[in-house]
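Understanding the architecture of this molecule
Residue-level listing of the chains:
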Amino acid sequence: MGPPPAPPRFHGAAPGPAPFPWRRVHSAAMAAPGAGAELELQAAIGFNGHILSGLICHPDQEHILYPLGCTVVIQGMASGKQSFLHGHTNNVSCVVVSKSGMLVASGQVTFMGFKADIILWDFKKEELLARLSLHKGRIEGLAFSPNDLYLVSLGGQDDGSVVVWSIPKKEAVCGSPASARSAGNATVLTASRCRDEMFVTAGNGTIRVWELDLKNRKIRPTECQTGQLKRVITCMADDDSYFYVGTSSGDILKINPSSKLMSDYGPQKEKFSMGVTALLLLKTGDIIVGTGGGIVALCKGSNYKVMKKIQVQGIVTSLTRRGQGHQFFVGTNESQIYRVNYTEFKEELIATCHNEAIHDIVFPLGTSDLFATCSKNDIRVWHTPENRELLRIVIPNMTCRAIEFMSDGRSIISAWNDGKIRAFMPETGRLMYVIDHAHSLGVTAIAATSNCRRIVSGGGEGQVRVWEIGERTRKLEEVLKEHISAVSCIKIKKNDQECVTASLDGTCIIWDIVRFIRNQMILANTLFQCVCYHPEEYQIITSGTDRRIGYWEVFDGSAIRELEGSASGSINGMDITSDGAHFVTGGDDHLVKMWDYNDGEVTHVGVGHSGSITRLKICPGNKYIVSVSADGAILRWKYPHCR
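Residues numbered from 1 in each chain as written. Predicted model: local features only at pLDDT ≥ 70, side-chain atom pairs only at ≥ 80, totals over all residues. Heavy atoms only, no water.

A separate point is the UniProt feature "repeat: WD" (unreviewed entry) in the chain. UniProt's feature table lists "repeat: WD" (unreviewed entry) at residues 436-469, 480-513, 564-605 and 606-643, given in the numbering used throughout. Between the end C-alpha atoms of residues 436-469 the distance is 14 Å, and the span holds 0% helix and 53% strand. Measuring from the first to the last C-alpha atom of residues 480-513 gives 9 Å, for a span that is 0% helix and 56% strand. (UniProt positions renumbered as here; feature names shortened; annotations may be inferred. Helix = DSSP H or I, 4+ residues; strand = E, 2+ residues; numbered from the N terminus.)

Within the secondary structure, Leu214 is located in the loop between β18 (206-213) and β19 (218-223). With relative accessibility at 46%, the residue Leu214 sits in the partly exposed group. Considering only alpha carbons, one finds Leu214 and Leu279, 65 residues apart in sequence, at a separation of 31 Å. Excluding residues that lie within four positions of it along the chain, Leu214 makes contacts with Tyr150 and Val173. (Buried < 20%, exposed > 50% of the residue type's maximum accessible area, 1.4 Å probe, protein only. Contact = heavy atoms within 4.5 Å.)

Looking now at the UniProt feature "domain: EML-like first beta-propeller" (unreviewed entry) in the chain. Under the UniProt annotation, "domain: EML-like first beta-propeller" (unreviewed entry) lies at residues 81-339. Taken end to end, residues 81-339 is 0% helix and 57% strand, and its two terminal C-alpha atoms sit 18 Å from one another.

So, about the pairing of strand β38 (residues 431-435). Across four bridges, strand β37 (residues 421-424) lies against β38 in antiparallel orientation. Looking at the pairing, Ile421 lines up with Ile435 of β38. (Pairing = 2+ DSSP bridges.)

All right, on to the environment of Lys623 then. Locating Lys623 in the fold gives a position in the loop between β55 (613-618) and β56 (624-629). C-alpha separation for the pair Lys623 and Pro640, spaced 17 residues apart in sequence, amounts to 8.4 Å. Beyond its immediate chain neighbours, meaning those up to four positions away, Lys623 contacts Ser368, Asp369, Trp637, Lys638 and Tyr639.

This paragraph deals with the side chain of His359. Secondary-structure assignment places His359 in the loop between β31 (347-352) and β32 (360-362). Among residues more than four places away in sequence, those in contact with His359 are Cys374, Ser375, Thr399, Cys400, Arg401, Thr614 and Arg615.

The final tally for this structure, using the stated rule, is eight aromatic pairs. Between the aromatic rings of Phe199 and Trp210, the centroid separation amounts to 5.8 Å while the plane-to-plane angle is 5°, which identifies the pairing as stacked. Taken together, the residues span a long stretch of sequence, with Phe199 in strand β17 (residues 198-203) and Trp210 in strand β18 at a distance of 11 residues. With respect to class, Phe199 is no different from Trp210; both count as buried. Geometrically, the ring pair formed by Tyr551 and Phe583 is edge-to-face, given 6.3 Å between the ring centres and 75° between the ring planes. Here Tyr551 is found in strand β49 (residues 548-553), whereas its partner Phe583 is found in strand β52 (residues 582-587), with 32 residues between them in sequence. Ring-pair connections join several aromatic residues into one group, and the members of that group are Tyr551, Phe583, Trp595 and Tyr597. Over the ring of Tyr242 we find Lys254; its NZ or CZ atom is 4.4 Å from the centre of that ring. Just above the ring of Tyr624 sits the side chain of Arg636; from NZ or CZ to the centre is 4.9 Å. (Phe/Tyr/Trp six-rings, centres within 6.5 Å; stacked < 30°, edge-to-face > 60°. Lys NZ or Arg CZ within 6 Å of the ring centre and 35° of its normal.)

Before going further, it helps to spend a moment on the pairing of strand β14 (residues 161-166). Counting buried residues in β14 gives six out of six residues, a clear majority hidden from the surface. Burial along β14 is two-sided: the residues Ser161, Val163 and Trp165 and Val162, Val164 and Ser166 are all buried. The pairing of strand β13 (residues 150-155) with β14 spans five bridges and is classified as antiparallel. Counted as the bridge partner of Leu154 is Val162 from β14. Here β13 hands over to β14 after five residues, with Gly160 in that stretch at a positive phi of 70°. As paired elements, β14 and strand β15 (residues 171-177) share six bridges and run antiparallel to each other. Among the inter-strand pairings, Ser161 is bridged to a residue of β15, identified as Pro177.

To continue, consider the sheet that holds strand β16 (residues 186-191). Spatial ordering of the open sheet is given by β16-β17-β18-β19, a layout of four strands whose pairing is antiparallel. For this open sheet the edge positions go to β16 and β19, each flanked by a neighbour on one side alone. The average undirected angle you get between the axes of adjacent strands in this sheet is 25°. (Axes fitted to C-alpha atoms, helices over the stretch in contact; angles between N-to-C directions.)

Before going further, it helps to examine the pattern of salt bridges. The tally for this structure, following the rule as stated, stands at 24 salt bridges. A salt bridge links Glu211 to Arg195, with the nearest nitrogen and oxygen atoms 2.9 Å apart. On the criterion of sequence distance, the pair formed by Glu211 in strand β18 and Arg195 in the loop between β16 and β17 is long-range, its members being 16 residues apart. For Glu211, a relative accessible area of 25% translates into the label partly exposed. By relative accessible area, which is 33% here, Arg195 ends up partly exposed. One salt bridge in this structure joins Arg380 and Glu389, with 3.0 Å as the shortest N-O distance. The burial state of Arg380 is the same as that of Glu389; both residues are buried. Overlapping salt bridges bring together Asp378, Arg380, Glu389 and Arg392 as one network. (Salt bridge = Lys/Arg side-chain N within 4 Å of Asp/Glu carboxyl O.)

A few words now on the nonpolar core. Ranked by size, the top nonpolar core spans 25 residues in total, and within it Leu55, Ile64, Tyr66, Val592, Ile625 and Trp637 carry the most contacts. Residue assignment for this core shows that the elements contributing at least two residues are β3 (41-45), β5 (63-68), β53 (591-596), β55 and β57 (634-638). Each residue touching Tyr66, except ones within four places of it in the same chain, is listed here: Gly46, Phe47, Gly54, Leu55, Thr71, Val72, Val73, Gln75, Gln82 and Ile337. (Core = buried A, V, L, I, M, F, W, Y, C linked by side-chain atoms within 4.5 Å.)

To continue, consider the sheet that holds β55. Pairing between the strands of a sheet comes from backbone hydrogen bonds, and it takes one of two forms, parallel or antiparallel. One open sheet holds the four strands; their spatial order is β3-β57-β56-β55, and the pairing between them is antiparallel. At either end of the open sheet lies a strand with only one pairing partner, and these are β3 and β55. Strand-to-strand, the axes of this sheet are offset by a mean angle of 15°, without reference to chain direction. Of the pairings in the sheet, the one linking β56 to β57 comprises five bridges and is antiparallel in character. Paired with Ser627 across the two strands is Leu635, which belongs to β57.

A word on the confidence of the model for the chain. Across the chain, pLDDT averages 89, with 94% of residues at or above 70. Low pLDDT (under 50) marks residues 1-35, which in the prediction has 90 contacts with non-local residues, meaning those over four places away or in another chain. (pLDDT = per-residue confidence, 0-100.)

Pasting the structure below:
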């Protein structure tokens, strides 16, 4: 008997009665009991730092907002409590908060030729107010007028238009092509701080001041004259008198919106390296400049003399001030969020995450307070209750495909795409040893025996290799050549005498790793992504690209049952509880599903990921489920008390 029909899925939205897929889901909301109940999302670790001005400090000075995949995260600064605005069907491309703080607007990307939505949110009531659709492909920028009368939106490269929306009526007032045919694309948008009817767009060789003629329902642009200067505009900020425009050439232009002329520019000599990528104006008249080289500088005067500066990791993409500017926040494209006090001008890293796809997640034996994740360039160890990074092990320009804690807790072993197995100390991250040339096409899977004396590794070429690990020696014991494609997952039996390997060639092989022979082979018309032993070790469960969950006998490799695991997309990750009563799956449908092992039915569903789930794990003691995804997000779910 198969599972019940999958609950209705809205990308990035909690399952619920249509047509309301945009409910805001609180991390404190309890999942209702019963079949297909909601998993409670406790925390999300992640920040999409590639979005310009994506990190915003709310005017109430108590919350910060930032995009993560298809969702907008609202986080309390003091409490750290998170809530999530769900509603977009694809990745969020821009976020903006009104001057009053009552309204939030977010735009998204979509497929070419399809309309990209803008969603208008009520911040206090936590409700969707309107879904605005006119632009195609992508929303490049959004801006609220100072009195919350209008929302201005800028379409992406394939759309090229600017539209003014009436907030009270929740409809478009008028629109126009954003830049002249002779100029490049407009990519930056900002509204006047004092006039509801004025806003500015800028981009490659274009700066335009727009004025709204509400009576005739038209917006009229005036091209700003910059003389001989030809610049690509990357960011803008404004005070009550001038617009300040940052450029990819590393200088800042000062534009008078009344005369539509450039009044001056600077610095004349020492321009900012790698371009100006973010600007923040302070009440004192000083400017804080963020650059492509990771410099955050405090500048004074018309020549933008640097008074103080700090270095952060990555390109500065967001600068947002708290209150009058006594404190401000910096966001970078490497998913780092820093807090800076204006007087001391010292940076404090308050949030960090992977900025590439996460390939694996593991807990140490017997503890739920720590877990490790791996991605391109690094392995990170996290403290679960505080969502805090404890350790980062960096191997530049390499991708870690799989990790495992040795059961004695003395080392983290890792599989890398350069064909090496590396072992690190879990407290310090110091390299303990390297096994060179472990596999010819990169190491893709790894597992260790419970006595910590052997490692079983799988490679991109399909070989399974068994290594003997001594105090100072690493010796290749045997090479098992049966798979003809990459090994995706390895699990070892508790007695250390048998293991199962899953491969993209459509086979799962159960090996005797004492005599080094094949015991059984399981064949299916799929690319196997994951395999798990039932705790009693008489059955295994598998899944992969055919979206089916297979139960198999270990003794003879015969199929027991098959479940429809997903309505769409591959199942990439799977884990089973220590008592074998339940297991969890996740994959390309972005859903975390908890199953009853014997009934083969979904008991709980977790909605929150906006990228494909790559792996997930149930922690020791069944307190949490942690899932990781291709967009670099880590989500922690409360383990439900199943009946």
